Each structure stands twice: as structure tokens, then as C-alpha cells.
Amino acid sequence: MISSFNEALFCSLPPELWAEIFLQCLPASLVEPILRLDEFTTTPLSLSHVCRAWRAVTLSTPQLWATLPGVLIGEARGSSSHMLLEAVHMHLERSHNVPLRLRMSSSIHYQGERHPFLEALLPLSNRWGTLILDCNQSFLDSLPIRGQLSSLRNLFLNVLVPAQSTTPTECDVFKIAPLLRNVVVTTRDLQSITLPWDQLRAYDATSSKISASSLIYILQLCQELEELCIRNYSSPLQVDKAIAAVSPHVFPRLHALELHECSELGLSGSLADLLDNVKFPALEELSIVIRQARHDPFTPRLPSLIERSQCSLKKVVLHAGIPAYGDIAEIIRRSPALQHLDIKHITRNHMLKIEAAGKSDLGQIPQLRLPTRGLKIECFP
């Protein structure tokens with residue numbers, strides 16, 4: 001029971017404002033798959049039990065019920081599974097026609113038939129707005145949702161592939177999804193997952209098998225791509241000689257680029273090889289991260305990339321070994337719009353040189369104050 005003061009406060013604000021406040025109580029990201037009802041994220045249910053006024057607002061705000069509990073298909077059993085299923089049905093009913101946010105994790109079916117959660121969710125695949133899916137290839141291929149994803153905008157896909165398996169077959173489950181814009185995918189072979197490339201705005205890919213030709217082929221299909229993140233930790237990039245023989249590949253709309261890899265892959269076959277023959281004229285944010293950095297194949301390539309692309313970098317993050325002062329100076333000199341520079345590995349002597357440069361020839365960059373503002377440096381002797 002709420003106090004008379006709180007009741008007066010509630011009455012003084014319009015229901016639309018309370019609905020927006022309640023929406024801010026929802027988790028920013030989907031929870032991990034759960035097995036018990038007491039693990040269920042019950043934000044809207046809890047809010048609806050405070051008082052009749054709050055219940056009226058929650059029941060009239062279908063967006064509150066559009067986030068479903070994460071489901072670990074094939075594990076929940078008995079009364080717990082039944083109660084979770086009831087909770088899912090309650091959310092589906094109260095969310096009306098609002099696009100759903102859901103997470104499923106599975107590699108099996110339920111007693112030779114489809115799992116009860118799938119039976120509840122598959123008929124509503126046209127309402128899936130955000131989907132997080134952890135599954136194996138066979139489970140993914142078995143989903144009868146091709147051409148029925150009219151509301152899907154955000155896809156987070158982790159395809160589990162056994163180490164001893166052969167090259168995965170092509171999967172086109174998500175090929176037809178007219179609203180799909182943002183994709184995060186982890187799989188062995190990027191080309192095994194067919195997507196509506198020409199409409200993607202953001203693509204985040206982690207793969208254990210990347211070839212330069214397949215990656216550039218995919219990117220050439222993504223003419224609307226604005227944000228790209230590639231993670232390669234398992235095997236060297238397979239570089240094709242034909243890639244270097246053609247004119248630079250231009251990606252006109254890309255404004256944010258992140259490249260992650262492990263230094264144990266060596267100097268040959270680095271993602272840095274991709275930077276030799278590309279142009280990013282709209283690039284504003286660039287981030288390079290190397291795990292266990294022992295050498296840096298990226299930074300020496302960046303000045304020529306900036307010059308070739310004629311881009312206006314505003315943010316540069318370099319966590320990629322010990323960079324040469326000359327390379328850093330060239331990056332700064334060719335980036336007059338630079339506002340943020342984050343260098344993880346740099347000697348104290350290099351920091352003094354950058355600081356001195358900031359007081360002289362770099363003084364024409366008013367947005368960047370070296371090293372007290374806009375420059376983050378992790379120093380060691």
C-alpha cells in the first residue's frame with residue numbers, strides 16, 4: 001500500500017510519464033537463460049503489485065511485457081517449466097502486438113517433439129524484434145522462421161560448432177528480414193550465415209576462420225554499413241593475393257571500425273593486412289585491440305589509411321603493442337578533427353615527445369589537449 005503522499009504524487013503526473021519511468025526499470029540487456037520462476041526478471045509483475053494505479057499503468061503499457069525470460073530449451077522440467085511457460089504466455093498476452101525481446105539457448109529438442117517454449121514462440125516469429133540465440137547448426141536450420149521475421153531489427157547469434165565437425169553448411173534462416181539492421185554473430189565461418197547484407201547498419205563478427213576475400217566480399221554487399229567490428233582470435237587471416245591486385249575497396253558510409261585479434265597469430269595473416277587496400281571516407285572512430293600484444297602490425301598502416309581515405313578521425317583507440325612515436329605523430333598530424341586519443345602501451349619518453357609536439361606543431365588542433373585532456377596513456381618506464 002502506498003502512502004497518501006505517494007498517491008498524491010502519482011496523481012500529479014500523467015500516466016504516460018509513469019509508463020516511461022517504468023520502462024526505464026527494465027534491464028538494459030536480456031538476462032541469462034533461466035531454469036526457475038524465481039530467477040525470472042519480474043519487473044513489470046512487481047510494479048503491477050504495488051497498487052491499483054500502478055497496475056493500471058503497467059497493464060496499459062505493452063512495452064513493459066515485451067521482454068521475455070531467457071529460456072534454456074530442453075533443461076527446464078516439471079512444475080518449474082510449467083510455471084515458466086505460464087509466465088511466457090502472460091507476457092505474450094500483455095505485450096499485445098509490440099515487438100518482442102527474447103533469448104533462447106538450445107541444442108536439442110524436447111522429447112522428440114518441439115519444446116513447449118518453441119511451440120509458444122514460433123507462431124509469433126513475426127513479432128521478434130530482438131533475438132539472442134545460442135544454438136548449434138542443426139537446431140538453427142530446424143527453425144521454420146524463414147520469411148517470417150518481419151519485425152526483427154537486432155540479432156545476436158552464437159552458432160556452436162563442434163571442433164571435429166566439417167565446414168558448416170550455409171544457413172539462410174535470416175536471409176529475409178526486412179527490418180534487420182544490427183547483427184552480432186559468432187561462428188566458425190562468416191559466410192555460412194546468410195544475412196540481408198545490403199540493409200545492415202552495424203555488423204559485429206567473431207570467427208575462427210576468416211579469409212580476406214570473403215570478408216571484403218561480405219563488406220562490399222554491406223553498402224549501408226555504418227559500424228563494423230571484427231574479432232579474430234583463433235587462426236591467421238587467410239590473405240588472398242588477388243585482394244592486393246585490385247583498386248582499393250571503398251566503404252562510403254562506415255564511420256566506426258573496431259578490429260580485435262591475438263598477437264599469437266603472428267605478423268602474417270593479421271587483420272591489419274585488410275587496411276592496405278581499403279578506403280573509409282566517412283570514418284570517425286577507429287579502435288585497434290590486440291590481446292597479449294607483443295608487436296603492432298596496425299599502427300604503421302594507419303597514416304596511409306587516413307591519407308588514402310581522406311577521413312576526419314575524431315576518436316582513435318590503440319591497444320596494440322608499443323607504437324612508434326613517428327606513427328603516432330603522423331596519425332595526429334593527419335587528423336585535425338581528433339578529439340580523443342587512447343594509447344595503452346607507450347613509453348614515458350614517447351609521452352614526453354607527444355606532449356612536446358602538442359605544444360608546437362599540433363597546436364592547430366584545438367579539440368585535442370595533450371596530454372591532460374582527450375589523451376589517455378598507460379605509461380611504463
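None of the values given here were measured: they were computed from a predicted structure.

Draft legend 1. Representation of the packing of aromatic side chains. By the definition in use, this model includes five aromatic pairs. Taking the centre distance of 5.4 Å and the plane angle of 90° together, the rings of tryptophan 197 and tyrosine 203 count as edge-to-face. A residue is classified by how much of its surface remains accessible, and tryptophan 197, at 10% relative accessible area, is buried. On the accessibility criterion, tyrosine 203 (2% relative accessible area) is buried. Sitting over the face of the ring of tryptophan 65, arginine 94 holds its NZ or CZ atom 4.8 Å from the ring centroid.

Draft legend 2. Broad picture of helix α10 (residues 302-309). Among all positions of α10, only Leu302, Pro303, Leu305, Ile306 and Ser309 are buried. Angularly, the buried residues of α10 cover 165° about the axis, an arc narrow enough to put them on a single face. The inward-facing, buried residues of α10 contact β10 (278-279), β11 (285-291), β12 (315-319) and α11 (325-333). Directly beyond the C-terminal end of α10, a positive phi value near 55° is found at glutamine 310.

Draft legend 3. Representation of the side chain of serine 151 within the structure. Note that serine 151 resides in the loop between α7 (137-142) and β4 (154-160). For serine 151, the side chain forms a polar contact with the main-chain oxygen of asparagine 126, separated by 2.7 Å. Residue contacts for serine 151: discarding those within four places in its chain leaves Asn126, Arg127, Trp128, Gly129 and Leu179.

Draft legend 4. Examining the pattern of salt bridges more closely. Tallied over the full model, the rule gives ten salt bridges. A salt bridge links arginine 301 to aspartate 276, with the shortest nitrogen-to-oxygen separation between them at 2.9 Å. With arginine 301 in the loop between β11 and α10 and aspartate 276 in the loop between β9 (256-262) and β10, this pair connects stretches of sequence that are 25 residues apart. As a salt-bridge pair, arginine 333 and glutamate 330 come within 2.6 Å of each other at their nearest N and O atoms. With arginine 333 and glutamate 330 both in helix α11, this residue pair falls three residues apart, about one helical turn. A relative accessible area of 44% places arginine 333 in the partly exposed class. Beyond isolated ion pairs, a larger network of salt bridges with shared partners links Glu307, Glu330, Arg333 and Arg334.

About the thresholds
Residues numbered from 1 in each chain as written. Predicted model: local features only at pLDDT ≥ 70, side-chain atom pairs only at ≥ 80, totals over all residues. Heavy atoms only, no water. Phe/Tyr/Trp six-rings, centres within 6.5 Å; stacked < 30°, edge-to-face > 60°. Buried < 20%, exposed > 50% of the residue type's maximum accessible area, 1.4 Å probe, protein only. Lys NZ or Arg CZ within 6 Å of the ring centre and 35° of its normal. Helix = DSSP H or I, 4+ residues; strand = E, 2+ residues; numbered from the N terminus. Arc of directions from axis to C-beta. Contact = heavy atoms within 4.5 Å. Polar contact = N/O pair within 3.5 Å; in protein donor to acceptor, adjacent residues only side chain to side chain. Salt bridge = Lys/Arg side-chain N within 4 Å of Asp/Glu carboxyl O.

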